[in-house]
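Chains, contacts and geometry: an overview
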Amino acid sequence: MKVRISIPGTIRQRVGGKGEFVTDAGTVKEAMSALVSQYPDLRDYLFSGEERLRNFINMYVNGDDIRTMGGLDTKLKDGDTIIIVPSVAGGGPESELTLNEIMRYDRHLIMPEVGVNGQKKLKAASVLVVGVGGLGTPAATYLAAAGVGRIGLVDFDRIEFSNLHRQVLYSEEDVGKSKVEVARTRLMAVNPNVVIETYPVRLDSSNALDIIRNYDVILDGTDNFPTRYLVNDASVLVGKPVVHSSIYRFEGQASVFMPGRGPCYRCLYPEPPPPGLVPSCAEGGVFGVLPSVMGSIQAVESLKLILGVGEPLIGRLLIFDALEMQFRELKVKKDPSCPICGSNPSIKALIDYEEFCGLNRNINSDEEIESDLLQSWLKEGKRVEILDVREPYENQIWQIPGAKHIPLSQLRNRLNELDPNVPVVAYCQVGSRSLAAVRLLKEKGFGTAKSLRGGIDAWAVKADQSVRGH
Amino acid sequence: MVPTGVRVKVLYWAQARELAGTASDSLELHDPADIPALMEAILEKHPKLAELRQSMKIAINGKIGGPEVRLKEGDEVALLPPVSGG
């Protein structure tokens, strides 16, 4: 068979400047033998050992990668064209791989799922790691080692002694130092080819959008509910995928929230648990190696998203139980009425997430009412407007009979539906959003408004067993 | 006539496991065998779970489901509270 070998510019000087070599060959291997027997300089460049192509050399027959066919044994037909594509182009565009990178990523480059093109995608990609702790340190280490070109690290904390049993990127001598600074030094040592950007700040509603929009993938390794909702909302607003994980003692949860393709964190957990109820690692403890398993899963999912390979963890919540040594998977659906990613979202800008999670509250005694008192008011027939400020999808499950429903997000614009002469008792799930509602109402002239302390949870437990709705 | 119930397996995750003091239960439900009835049975057995009730996700046979789901004999229901650690 007469076939043509197209010689790329970068190696033409090795074949006397020729751009093409024509030979008779039945396979790619035969064609290459003919080429290197005429130009011996090429042998070491193209092959390692006897018959293996070097990892940075890709070959295509009529545009198809020979690794997807028969490799060097790929059969040739008359008139076929073999193209040699070395990935090295010294001084070339940013996404080309350097010799150091070709050697370093060898075990990636020899797999068709990554290969040179995939490795270039990794190099051109960026991942923001929010929280450089138990989850963030293993994740960031693997991302850096894998050659993700730009990695952002957000963490406000300094390294503590109690971090060292699981955050293996840090050493005892680092205690007291900034996490992102130490992490940057270590990650640069792991792989100097990647750019590490540090944000030694607390991610909040004032900076989250600006930081998040600069990255392709957001890896959530935070350790508290307010920041998890913030990362979710900001990422939905700017359309970035979030690779999520959270941990508790011996258990971990992980998922990928991809705007437009699946549910978000709020579809999964519309509302945080009452403050103080679910312990953090600091309060509840954590098995040292557990976050490393979950952080590694986050690194896997981040790399898969960048490479576009495999089945991402979208619409699935992966649960790991280290004690049982068991992985389980739950299917999660997108909630069409989700307040941030649903078809008619009520959250269009970032909110106060501390408030949303019921934290940092200094409550005045005239702002709240106990459920027992409300119950006796109702028994006495006292005139009172009960106001449910939860989102529509929540009040379908449990509600106080006779309540008027205005979600907190719409309250400001619907004040005319309330009578200022009738005392308002607002409630939500746990009493944090209703407190915000009451503060707004007091500001607007509803001086007697009160928030149901503990929300419908407290009401259901203490006052009224008939609260079970629908 | 002896009413026959629907027996379901309940799995407790994370903090629900701690509050329940067990990783799983086998509970029998009578009509209606739905999620609110199951929650009632669970809370009767483990009153401490009341605090978490509204923030937990409920998965029926590996699929997150709402209050409308009817339970069948042998169904596996997982109670999954959010966790925050990182």
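Within each chain, residues carry numbers counting from 1 in the order of the written sequence. Chain letters and ligand numbers both follow the written order, the letters beginning at A and the numbers at 1. The predicted origin of the model limits local features to residues at a pLDDT of at least 70 and limits the giving and counting of side-chain atom pairs to 80 or more, whereas totals for whole chains, interfaces and linings rest on all residues. As a convention, hydrogens and water are excluded, and side-chain values are obtained from all of the structure's heavy atoms.

Once that is clear, we can look at the overall build of chain B. In this text, helices come from DSSP runs of H or I with a minimum length of four residues, and strands from runs of E with a minimum of two, each type numbered from the N-terminal end. Along chain B, the regular secondary structure elements total two helices and five strands. Moving toward the C terminus, one meets the helices and strands of chain B in the order β-α-β-α-β-β-β. In this scheme, a residue with accessible area under 20% of its type's maximum is buried, one over 50% is exposed, and one in between is partly exposed, where area comes from a 1.4 Å probe on protein chains only. Counting over 86 residues, chain B shows a buried share of 56%. For this analysis, residues touch if any pair of their heavy atoms sits within 4.5 Å. Summarising the internal contacts of chain B: among those between residues at least 6 apart in sequence, 54% fall at separations of at least 24.

Looking now at the sheet that holds strand 18 (residues 404–405) of chain A. Residues and elements named next belong to chain A. Pairing between strands is defined by DSSP: at least two bridges between the two strands are required. An order of 16-20-19-17-18 is seen for the five strands of this open sheet, with the pairing classed as parallel. The sheet is open, and its two borders are formed by strand 16 (368–369) and strand 18, each paired with just one other strand. Where strand 16 and strand 20 (residues 450–452) come together, two bridges link them in parallel fashion. Across the sheet, residue E368 finds its bridge partner in strand 20, namely S451.

Residues and elements named next belong to chain A. With respect to the element layout, T74 can be found in the loop between strand 6 (64–65) and strand 7 (81–86). Residue T74 is classed as buried on the basis of its relative accessible area, which comes to 6%. Polar contacts, as counted here, are pairs of nitrogen or oxygen atoms within 3.5 Å of one another; within protein the pair requires one atom able to donate a hydrogen and one able to accept it, and residues that are adjacent in sequence qualify only if both atoms are side-chain atoms. Polar contacts involving the side chain of T74 include one to the main-chain carbonyl oxygen of G71, which spans 2.6 Å.

Only buried residues count toward a nonpolar core. Its members are Ala, Val, Leu, Ile, Met, Phe, Trp, Tyr and Cys residues joined through side-chain atoms within 4.5 Å. Residues L128(A), L38(B), I42(B), L71(B) and L79(B) are the most contacted members of the largest nonpolar core, which totals 59 residues. Aside from chain neighbours lying at most four places away, what touches L71(B) is V6(B), V8(B), L29(B), A33(B), D34(B), I35(B), L38(B), I60(B) and V77(B). Judged by nonpolar contacts, the second largest core, of 46 residues, contains L153(A), V182(A), L305(A) and L313(A).

Right, let's talk about unusual backbone geometry for a bit. Peptide bonds are, in most cases, trans, and in most cases residues other than glycine have a negative phi. Cis geometry marks the peptide bond from D31(B) to P32(B), where omega comes out at 0°. Tracing the sequence through the fold places P32(B) in the loop between strand 2 (24–29) and helix 2 (35–45). Positive phi, close to 55°, is recorded for R249(A), a residue that is not glycine. Position of R249(A) among the secondary structure elements: in the loop between strand 12 (242–248) and strand 13 (251–257). A residue is classified by how much of its surface remains accessible, and R249(A), at 24% relative accessible area, is partly exposed. Positive phi, close to 45°, is recorded for A14(B), a residue that is not glycine.

Turning our eyes to something else, we now look at helix 7 (residues 179–190) of chain A. Residue and element names in this part refer to chain A. Here helix 7 spans 16 Å end to end across 12 residues, near enough to the 16 Å set by a 1.5 Å rise per residue. Listing the buried residues of helix 7 in full gives K179, V180, V182, A183 and L187. Seen from one end, helix 7 has its buried residues packed into an arc of 160°, which puts them on one side. Those residues of helix 7 that are exposed and angled more than 90 degrees off the buried face are T185 and A189. Looking at the buried side of helix 7, the elements it contacts are helix 6 (136–146), strand 9 (150–154) and strand 10 (195–199). A helix is expected to span 1.5 Å multiplied by its residue count minus one. Taking the helix axis as origin, the arc is that swept by the directions to the C-beta atoms.

Bringing the packing of aromatic side chains into the picture now. Residue and element names in this part refer to chain A. Note on ring pairs: Phe, Tyr and Trp rings are taken, using the six-membered ring of Trp, and paired if centres are within 6.5 Å. Classes follow the plane angle, with under 30 degrees stacked, over 60 edge-to-face and the rest tilted. In this structure the tally under the stated criterion is eight aromatic pairs over all chains. An angle of 80° between the planes, with centres 6.3 Å apart, marks the rings of Y199 and Y215 as edge-to-face. Pair noted here: Y199 is in strand 10 and Y215 is in the loop between helix 8 (208–212) and strand 11 (217–220), with a separation of 16 residues, a long-range link. Using a relative accessible area of 19% as the deciding quantity, one classes Y199 as buried. Aromatic rings pair up to connect Y229, F257, Y265, Y269 and F356 into one cluster. The ring of Y215 carries the charged tip of R150 above its face, separated from the ring centre by 4.7 Å. Between the NZ or CZ atom of K382 and the centre of the ring of W377, over which it lies, the distance is 4.6 Å. By the criterion adopted, a ring carries a charge over it if an Arg CZ or a Lys NZ lies within 6 Å of its centre and within 35 degrees of its normal.

It is worth spelling out the side chain of Q54(B) at this point. Here Q54(B) lies in the loop between helix 2 and strand 3 (57–60). Once residues lying within four places of it in the same chain are set aside, the contact partners of Q54(B) are W398(A), Q429(A) and D457(A).

Bringing the pattern of salt bridges into the picture now. Residue and element names in this part refer to chain A. Salt bridges are defined by distance alone: a side-chain nitrogen of Lys or Arg within 4 Å of a carboxyl oxygen of Asp or Glu. As enumerated under the stated definition, the model contains 34 salt bridges over all chains in all. As a salt-bridge pair, R439 and E355 come within 4.0 Å of each other at their nearest N and O atoms. Of this pair, R439 sits in helix 17 (residues 433–443) while E355 is found in helix 13 (residues 353–356), placing the two residues 84 residues apart along the sequence. Classification of E355 as partly exposed rests on a relative accessible area of 24%. Residue E368 pairs with R453 through a salt bridge whose shortest N-O separation is 2.7 Å. In this pair, E368 sits in strand 16 while R453 sits in the loop between strand 20 and helix 18 (455–462), placing the two residues 85 residues apart along the sequence.

Read these as layout, nothing more, since geometry by itself doesn't imply function.
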